[in-house]
Amino acid sequence: MDDLVIRMDGVSVRRAESALVTDVNWSVELDERWVVLGPNGAGKTTVLKLAGAELYPTTGTVDVLGERLGSTNVFELRPRIGFCSAAMAARMPEDELVRDAVVSAGYAVVGRWREEYEDMDTERAEELLEAMGVAELSGRAFGTLSEGERKRVLLARALMTDPEMLLLDEPAAGLDLGGREDLVARLSKLALDPDAPAMTLVTHHVEEIPPGFTHALLLREGGVVAKGLLDDVLTEDNLSKTFDQDLELRRNGDRYFAQRRR
Ligand SMILES: Nc1ncnc2c1ncn2[C@@H]1O[C@H](COP(=O)(O)OP(=O)(O)OP(=O)(O)O)[C@@H](O)[C@H]1O
């Protein structure tokens with residue numbers, strides 16, 4: 001139980017007449033790296049928002065980092081979670097300097113940083129930008145960055161607080177082939193680092209699963225199709241059910257590729 005970073009029991013989320021997710025049972029341990037896979041509208045973002053304490057379940061229980069949603073202060077919980085999404089990118093002011101976009105994540109955590117910590121903080125932000133291969137963008141305005149550059153800066157921001165859990169919503173969406181491959185490699189390095197936080201990555205594409213990811217949750221129409229170890233779960237049968245297509249799945253080393261069977 002101690003090592004559980006996410007635990008969902010019988011979770012449903014409803015809005016008016018529609019069910020966003022229904023009866024989701026899912027748990028994530030500290031050393032696991034999960035990919036949440038499914039078609040548009042399957043409920044992936046809803047599940048990620050629950051895990052990020054950004055949304056409450058209508059029924060069922062959600063425990064995040066040992067805290068039960070509904071009976072904990074989410075404003076204390078959220079800083080322990082690194083969240084990376086297109087919605088977060090959209091909230092970033094266009095004229096925010098890249099280094100400030102990263103550092104500000106740390107300020108939100110502590111609230112009142114003393115002056116002498118400022119240099120240390122900026123140093124950490126610069127180090128994270130360096131690790132993401134975008135150190136030279138530090139003084140640029142966020143609004144001037146390309147999609148791929150934004151994704152890498154947001155990843156650095158998500159890591160700034162040294163979170164206990166990292167949640168990534170379609171981090172490779174909108175990237176060109178080179179950008180996707182670069183990001184997959186960086187995420188793979190992170191996934192293989194035993195000191196990295198627990199990670200959950202939402203995607204539509206098996207090609208975007210970074211080597212080092214260990215588990216998969218397959219969603220369709222708000223329900224769980226399959227979950228468990230990546231090797232057990234990522235089968236042609238499960239993938240075809242998830243995407244409602246007759247799919248052929250290939251594996252090349254530690255990467256996956258899928259296409260419709262002719
Ligand atoms: N506030 C809301 N009211 C009604 N329906 C909603 C609401 N928010 C989401 N939905 C619906 O719930 C379903 C699941 O949405 P969600 O964003 O979790 O899916 P997703 O798998 O992340 O999709 P995508 O891959 O397209 O981003 C969708 O059909 C969506 O239209």
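What counts, and where the lines are drawn
- Residues numbered from 1 in each chain as written.
- Predicted model: local features only at pLDDT ≥ 70, side-chain atom pairs only at ≥ 80, totals over all residues.
- Heavy atoms only, no water.
- Near = heavy atom within 4 Å.
- Polar contact = N/O pair within 3.5 Å; in protein donor to acceptor, adjacent residues only side chain to side chain.
- Areas by Shrake-Rupley, 256 points an atom, 1.4 Å probe, with all protein chains shown as cover.
- Helix = DSSP H or I, 4+ residues; strand = E, 2+ residues; numbered from the N terminus.
- Pairing = 2+ DSSP bridges.
- Axes fitted to C-alpha atoms, helices over the stretch in contact; angles between N-to-C directions.
- Contact = heavy atoms within 4.5 Å.
- Salt bridge = Lys/Arg side-chain N within 4 Å of Asp/Glu carboxyl O.
- Buried < 20%, exposed > 50% of the residue type's maximum accessible area, 1.4 Å probe, protein only.

- As recorded in an unreviewed UniProt entry, the protein goes by the name Iron complex transport system ATP-binding protein, listed as coming from Actinopolyspora saharensis.

**Some remarks on the site of the ligand**
In step 1: The full set close to the ligand counts 13 residues, and G41, K44, T45, T46 and H204 are the nearest of them.
In step 2: One of the backbone N or O atoms of G43 is found 2.9 Å from an oxygen atom in the ligand.
In step 3: Notes on the ligand: free accessible area 640 Å², of which the protein chains cover 58%.
In step 4: Of the residues forming the shell around the ligand, the biggest block, three residues, is contributed by helix α1 (residues 44-51).

**Regarding the sheet that holds strand β6 (residues 81-84)**
In step 1: Reading across from one edge, β6-β7-β8-β3-β9-β10 is the order of the six strands in this open sheet, with mixed pairing throughout. In this open sheet, the two strands that pair with only one neighbour each are β6 and β10 (223-229). Averaged over all pairs of adjacent strands, the angle between their axes in this sheet comes to 15°, without regard to strand direction.
In step 2: Note: strand β3 (residues 33-37) against strand β8 (residues 198-203), five bridges, orientation parallel. By the bridge assignment for β8, V35 is matched with L201.
In step 3: The strands that α1 touches are β3, β6, β7 (165-169), β8 and β9 (215-220); relative to β7, the one it contacts most, it runs at about 155°.
In step 4: Each of β3, β7 and β8 is contacted by helix α7 (residues 177-192), which is oriented at about 150° to β8, the strand it contacts most.

**Focus: the pattern of salt bridges**
In step 1: With the rule as written, the count across this model stands at 15 salt bridges.
In step 2: The shortest N-O distance in the salt bridge between R99 and E126 comes to 3.3 Å. Here R99, found in helix α4 (residues 98-110), pairs with E126, found in helix α5 (residues 118-131); they are 27 residues apart in sequence, far enough to count as distant.
In step 3: A relative accessible area of 28% places R99 in the partly exposed class.

**Points about the sheet that holds strand β2 (residues 18-29)**
For sheets, the rule is that strands pair by backbone hydrogen bonds, running either parallel or antiparallel.
In step 1: Spatially, β2-β1-β4-β5 is the arrangement adopted by the four strands of the open sheet, whose pairing is antiparallel. The two strands at the open ends of the sheet, each matched to only one other strand, are β2 and β5 (67-68).
In step 2: Where strand β1 (residues 4-15) and strand β4 (residues 59-64) come together, five bridges link them in antiparallel fashion. By the bridge assignment for β4, R7 is matched with D63.
In step 3: Sheet strands touched by α1: β1, β2 and β4. Its angle to β1, the strand with the most contacts, is close to 125°.

**Quick look at the pairing of β1**
In step 1: In this sheet, β2 lies alongside β1 in antiparallel orientation, the contact comprising eight bridges. Looking across to β2, one finds that M8 is bridged to W26.
In step 2: Between β1 and β2, which pair antiparallel one after the other, the connecting turn spans two residues, and A16 there sits at a positive phi close to 50°.

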